[in-house]
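The residues making up each chain are set out below.
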Amino acid sequence: MTIDPELLRLLLYLVGFIAFIATNAAYLVWLERKEAGHIQCRIGPKEVGPFGLLQPVADGLKLMTKQLIIPKGADSFLFRLGPVLVMTPAVMCFVTIPYSDTIVARNLDVGLLAIFAFASVNVLGLLLGAWGSRNKYAVISAARVVSQNVAYEIPMLIVIVTMVMVTGTMNLHEVVTTQLGGFWHWNVFRFTASPLMPVAFLIYFVCMLAETNRAPFDMAEAESELIAGAFTEYPGMGFGVFFMGEYANIVVGTSMATILFLGGWDCPFGLWPGLHWFLIKMYALIFTVIWIRWTFPRTTFYSLLNLSWKVLIPVAFANLILTSALLKVL
Amino acid sequence: MKAYIRDIVNGTWSLLVGMTITIRYFFGPVVTLQYPHQTVPMKPRFRGHIDLVLDERKGTNKCIVCNACMKTCPSGCITLEGEKREGVKQKVLTYYQLDFTKCSLCGLCVEVCPTAALDFSKDYNLVGSQESEFVFDLLKRLEERKQ
């Protein structure tokens, strides 16, 4: 019996990605707690295993052993579909992300487009989960999540359009290959394309924080106002899957930031490019995401929308126009 | 327009200042005390509940059953009894009970004791589910300490 090598490749990538996402989700929780602890002069988890390294396993076991309760009168189909719709697009995003010159599941020519198409589905998952749980707090919170995500999708996509103009391709592998050869080639420092490139990176980063519902934009789970927000009714692993989806989205977002702005697997000094540089950059960005979470308090909803509509979108547009003008002239 | 741009620049700058503060704390020392594994060294003036002092020479307590501590105690938490024995000059303490549920740790009993037979103990891990667990027989505690 012969196995189609293409099928085998797909299966291996699928298993690999799911393992990568699961370990990331588990150990980013650990990292988050450790980092939060050290920022607040505490230690963080330490009792379960060395340095608390088995804490995610213990947490996972606890979540799995909890009973799955579907609230009375809830739409049980939508209620079950919610976490799946949050998790699946997050996994699908990994298909086109090139982690190094050779490690990529599918090198699509429209990779960038595919990722942003998949990434926008997770809002739908949150909305359906909240709607299906028949809880007015969840529905209110889901409305907030949707308006937040719509608001932040726009400046993010404007920045992406700018990046597509600068690199001239939507193929993520090619986006990286245009930046190879040292940090002065990276898109963040590409001042010939636009002097506002670092600002574009900043806009992308802020939008990514808001898209993944991270603090200071974590309106989806504003526990002081909304009792846990859109997933109020989810017990045990249903809740856990929402969180895994959140962390998977952070990994996707930081990977995209690495690819689009920081040169992907390129070494800053032009030596030894490879997977390790990608991971170093990605985890440095994830560290920053967590660092931001434990620095700033949650914003109010109005200032959140004001920031997007009054600051990020105009600045992103100005950058787009400036970049197109400079590309035409130079 | 000018105010708008200044707002953005100042806002971004203040966010960066906030982040430098937290990262300094991140690399700063951890101040947590791992309590059950580590403890703070006990201060010499710590006031726990009172305890009878062991007289090293005689091997017993120093109490002469003058009842001064019982009389001075404002909350009436001390009860003691003594008896006259053959061949011993002073009375001998036979029973000393402290009802710690009432004690306010004022220390008057320690100050008033003519023979310095009372002192503060350093016990602070005092947990119980019943009130009766806080009624101490200090004479028994002294015996236990001797062994």
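Q: So what exactly am I meant to see when it comes to the overall build of chain B here?
A: Counting its regular elements, chain B contains four helices and five strands. Counting from the amino terminus, chain B carries its helices and strands in the arrangement α-β-α-β-β-α-β-β-α. A compact globule built from 147 residues would reach a C-alpha radius of gyration of about 15 Å, whereas chain B, at 28 Å, exceeds it by more than 25%. In terms of overall dimensions, chain B has a C-alpha envelope of 100 × 30 × 30 Å along the principal axes.

Q: Is there a simple way to think about empty space enclosed by the protein in this case?
A: A water-sized probe, rolled over the atoms, reveals where empty space remains. Residue and element names in this part refer to chain A. This structure, assessed with the given rule, holds four cavities of 30 Å³ or more. Of the voids in this model, the largest cavity is the one considered here, and its volume is about 160 Å³. For the largest cavity, the lining is made up of 15 residues, of which Ala119, Met156, Glu211, Asn249 and Gly253 are closest to its centre. If you list the elements that add at least two residues to the lining of the largest cavity, you get helix 4 (111-119), helix 6 (136-167), helix 8 (197-211) and helix 10 (236-261). For the lining of the largest cavity, the element with the most residues is helix 10, which contributes four residues. Of the residues that constitute the lining of the largest cavity, the class distribution is eight nonpolar, five polar and two charged. Taken as a whole, the second largest cavity spans an internal volume of roughly 100 Å³. Forming the walls of the second largest cavity are twelve residues, and the residues nearest its centre are Leu126, Thr212, Asn213, Phe242 and Glu246.

Q: For this particular structure, what's the right way to read the side chain of Asn61(B)?
A: Residues and elements named next belong to chain B. On the secondary structure map, Asn61 appears in the loop between strand 1 (50-52) and helix 2 (68-72). A polar contact is formed between the side chain of Asn61 and the backbone nitrogen of Cys63, at a distance of 3.1 Å. Excluding residues that lie within four positions of it along the chain, Asn61 makes contacts with Val53, Leu93, Leu139 and Leu142.

Q: What is the right way to read helix 6 of chain A from this model?
A: Structural remark: α-helix, 3.6 residues per turn; residues separated by three or four positions point the same way. The end-to-end C-alpha distance of helix 6 of chain A, which contains 32 residues, comes to 46 Å, matching closely the 46 Å that a straight helix rising 1.5 Å per residue would cover. Backbone nitrogen of Tyr137(A) and a side-chain oxygen of the N-cap are separated by 2.8 Å at the start of helix 6 of chain A; the cap is Asn135(A).

Q: Would you explain the sheet that holds strand 3 (residues 92-99) of chain B in this entry?
A: Sheets are built from strands paired through backbone hydrogen bonds, the pairs being either parallel or antiparallel. Residues and elements named next belong to chain B. The three strands lie next to each other as 2-3-5, forming an open sheet whose pairing is antiparallel. Two strands close off the open sheet at either side, each with one partner strand: strand 2 (78-83) and strand 5 (135-137). Sheet twist, expressed as the mean angle between neighbouring strand axes with direction ignored, is 15 degrees. As defined by bridge partners, strand 2 adjoins strand 3 across six bridges and the pair is classed as antiparallel. In the strand pairing of strand 3, Glu83 is matched with Val92.

Q: So what exactly am I meant to see when it comes to unusual backbone geometry here?
A: For residues other than glycine, phi is negative in most cases, and the peptide bonds are mostly trans. In this structure, Arg134(A) takes a positive phi of about 50 degrees despite not being glycine. Checked against the element boundaries, Arg134(A) lands in the loop between helix 5 (121-132) and helix 6. Judged by its relative accessible area of 63%, Arg134(A) is exposed. One non-glycine residue, Val65(B), lies in positive phi territory at about 50 degrees. Judged by relative accessible area, which is 9%, Val65(B) ranks as buried.

Q: Is there a simple way to explain the interface of chain B and chain A in this structure?
A: Where interface size is given, it is often the accessible area lost as the parts come together that is meant. Each side of the interface is counted separately: chain B has 16 residues, and chain A has 20 residues. Regarding the contact of chain B and chain A, the summed buried area is about 1,500 Å², with carbon and sulfur atoms giving 73% of it. The largest per-residue losses of area from chain B upon contact with chain A belong to Met19(B), Thr22(B) and Phe26(B), which jointly make up 35% of the total buried on that side. Counting across the chain B and chain A interface gives zero salt bridges.

Q: What am I meant to see in the nonpolar core here?
A: Soluble globular proteins: nonpolar side chains tend toward being buried together. Counting 90 residues, the largest nonpolar core has Tyr152(A), Tyr204(A), Met256(A), Leu260(A) and Phe261(A) as the members making the most contacts within it. The element contributing the most residues to this core is helix 10 of chain A, with 13 residues. Residue contacts for Tyr152(A): discarding those within four places in its chain leaves Val206(A), Cys207(A), Ala210(A), Glu211(A), Phe217(A), Leu304(A), Leu307(A), Ser308(A) and Leu312(A). Core analysis: the second largest hydrophobic core is formed by 24 residues, Ile50(B), Ile78(B), Val110(B) and Ala117(B) among them.

Q: What should I look at first to understand the packing of aromatic side chains in this one?
A: For any pair of aromatic rings, the description rests on two quantities: the centre-to-centre distance and the angle between the ring planes. This model, assessed by the stated rule, comprises 19 aromatic pairs over all chains. Seen from their ring centres, Phe183(A) and Trp184(A) are 5.4 Å apart, and the 75 degrees between their planes marks the pair as edge-to-face. What makes Phe183(A) partly exposed here is its relative accessible area of 36%. Between the aromatic rings of Phe201(A) and Phe205(A), the centroid separation amounts to 6.2 Å while the plane-to-plane angle is 40 degrees, which identifies the pairing as tilted. Taken together, the positions of Phe201(A) and Phe205(A), both in helix 8 and four residues apart, correspond to about one turn of that helix. When its relative accessible area of 16% is taken as the criterion, Phe201(A) is described as buried. Taking the ring centre of Phe136(B) as reference, the NZ or CZ of Arg141(B) above it sits at 5.7 Å.

Q: Would you explain helix 5 of chain A in this entry?
A: Residues and elements named next belong to chain A. Taking 1.5 Å of rise per residue, the twelve residues of helix 5 would be expected to cover 16 Å, and the 17 Å separating its terminal C-alpha atoms lies within 8% of that figure. Among the residues making up helix 5, those that are buried are Asn122, Val123, Gly125, Leu126, Leu128, Gly129, Ala130 and Gly132. The inward-facing, buried residues of helix 5 contact helix 3 (76-93), helix 4, helix 6 and helix 10. Positioned one or two residues after helix 5, Arg134 has a phi angle of 50 degrees, which is positive.

Definitions and limits used
- Residues numbered from 1 in each chain as written.
- Chains lettered and ligands numbered in written order.
- Predicted model: local features only at pLDDT ≥ 70, side-chain atom pairs only at ≥ 80, totals over all residues.
- Heavy atoms only, no water.
- Helix = DSSP H or I, 4+ residues; strand = E, 2+ residues; numbered from the N terminus.
- Rg over C-alpha atoms; globule rule 2.2 N^0.38 Å.
- 1 Å grid on protein atoms, 1.4 Å probe; cavity = no way out; pocket = protein on both sides within 12 Å on 5 of 7 lines; lining within 4 Å.
- Points joined across faces, edges and corners; volume = space filled by probe spheres on them.
- Nonpolar A, V, L, I, M, F, W, Y, C, P; charged D, E, K, R; others polar.
- Polar contact = N/O pair within 3.5 Å; in protein donor to acceptor, adjacent residues only side chain to side chain.
- Contact = heavy atoms within 4.5 Å.
- Expected span 1.5 Å × (residues − 1).
- Pairing = 2+ DSSP bridges.
- Axes fitted to C-alpha atoms, helices over the stretch in contact; angles between N-to-C directions.
- Buried < 20%, exposed > 50% of the residue type's maximum accessible area, 1.4 Å probe, protein only.
- Buried area = accessible area lost by both parts, 1.4 Å probe.
- Salt bridge = Lys/Arg side-chain N within 4 Å of Asp/Glu carboxyl O.
- Core = buried A, V, L, I, M, F, W, Y, C linked by side-chain atoms within 4.5 Å.
- Phe/Tyr/Trp six-rings, centres within 6.5 Å; stacked < 30°, edge-to-face > 60°.
- Lys NZ or Arg CZ within 6 Å of the ring centre and 35° of its normal.

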